[in-house]
Amino acid sequence: MARKICGEASLQVGARTMRLRLTIGTMMDLEDHFGMGLVPFLATRFPEFRLKDMAVLYLAMTSGDFTDELAQKAAAETLVKAGLAEAATAISSCLEATLNPQMGAPGKP
């Protein structure tokens, strides 16, 4: 089970429950990879709903090599298997819990 207070979210992929989590270091690596900060990325590119971007975020959240093109393709297949709406919701929840940690605090909406 994911611990929202720690910035975690869960995604069901077949029989497995994947725990999604971002570390500070991984967020900095993502910024380098995308060539922009995470907040501008979320405001501009994430709403476009690019499967490749979702695959990169999923790999980053599961400690995968998000710079590897083959890993990105495999992750995209995993996201389709899990259901794109469910995957997008889990990735968004992880981002929200990580970037807005007070939302995961007990007693907070």
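Our subject is the structure listed above.
Let me begin by describing the structure that accompanies this report. (Residues numbered from 1 in each chain as written. Predicted model: local features only at pLDDT ≥ 70, side-chain atom pairs only at ≥ 80, totals over all residues. Heavy atoms only, no water.)

Here we come to the packing of helix 3 (residues 51–61) against helix 5 (residues 84–99). Packing of helix 3 against helix 5 leaves a shortest axis separation of 11 Å and a crossing angle of 55°. When the axes of helix 3 and helix 5 are compared, the pair comes out oblique. For the crossing formed where helix 3 meets helix 5, the hand is left-handed. For the pair helix 3 and helix 5, contact is made by Leu51, Met54, Leu57, Tyr58 and Met61 and by Leu84, Ala87, Ala88, Ile91, Cys94 and Leu95, respectively. Taken together, the residues that form the contact of helix 3 with helix 5 break down as 11 nonpolar, no polar and no charged. (Axes fitted to C-alpha atoms, helices over the stretch in contact; angles between N-to-C directions. Helix = DSSP H or I, 4+ residues; strand = E, 2+ residues; numbered from the N terminus. Parallel < 35°, antiparallel > 145°, perpendicular 65-115°, else oblique. Left-handed = near helix turned anticlockwise from the far one by under 90°. Contact = heavy atoms within 4.5 Å. Nonpolar A, V, L, I, M, F, W, Y, C, P; charged D, E, K, R; others polar.)

Moving on, we come to the packing of helix 1 (residues 24–34) against helix 3. Between helix 1 and helix 3, the least distance of the axes is 11 Å, while the angle of their chain directions is 155°. The angle between helix 1 and helix 3 falls in the class roughly antiparallel. Of the two possible hands of crossing, helix 1 and helix 3 adopt the one that is right-handed. Contacts between helix 1 and helix 3 pair Thr26, Leu30, His33 and Phe34 from the former with Asp53, Val56, Leu57 and Ala60 from the latter. Looking at the contact of helix 1 with helix 3, its residues break down into 5 nonpolar, 2 polar and 1 charged.

Here the focus is the environment of Thr62. On the secondary structure map, Thr62 appears in the loop between helix 3 and helix 4 (69–82). Spatially, the C-alpha atoms of Thr62 and Arg21 are 6.6 Å apart, while their sequence positions differ by 41 residues. Beyond its immediate stretch of four places on either side in the chain, Thr62 contacts Met18, Arg19 and Leu20. For Thr62, the side chain forms a polar contact with the main-chain oxygen of Tyr58, separated by 2.9 Å. (Polar contact = N/O pair within 3.5 Å; in protein donor to acceptor, adjacent residues only side chain to side chain.)

Looking along a regular strand, one sees side chains alternate from face to face of the sheet. A one-sided burial pattern is seen for strand 1 (residues 9–13), the buried positions being Ala9, Leu11 and Val13 and the unburied ones Ser10 and Gln12. The sheet contact formed by strand 1 and strand 2 (residues 16–20) spans 5 bridges and is antiparallel. If you follow Leu11 over to strand 2, its bridge partner there is Met18. The turn linking strand 1 back onto strand 2 is made up of 2 residues, and Gly14 within it adopts a positive phi angle of 60°. (Buried < 20%, exposed > 50% of the residue type's maximum accessible area, 1.4 Å probe, protein only. Pairing = 2+ DSSP bridges.)

Purely geometric stuff here, so don't read any function into it on its own.
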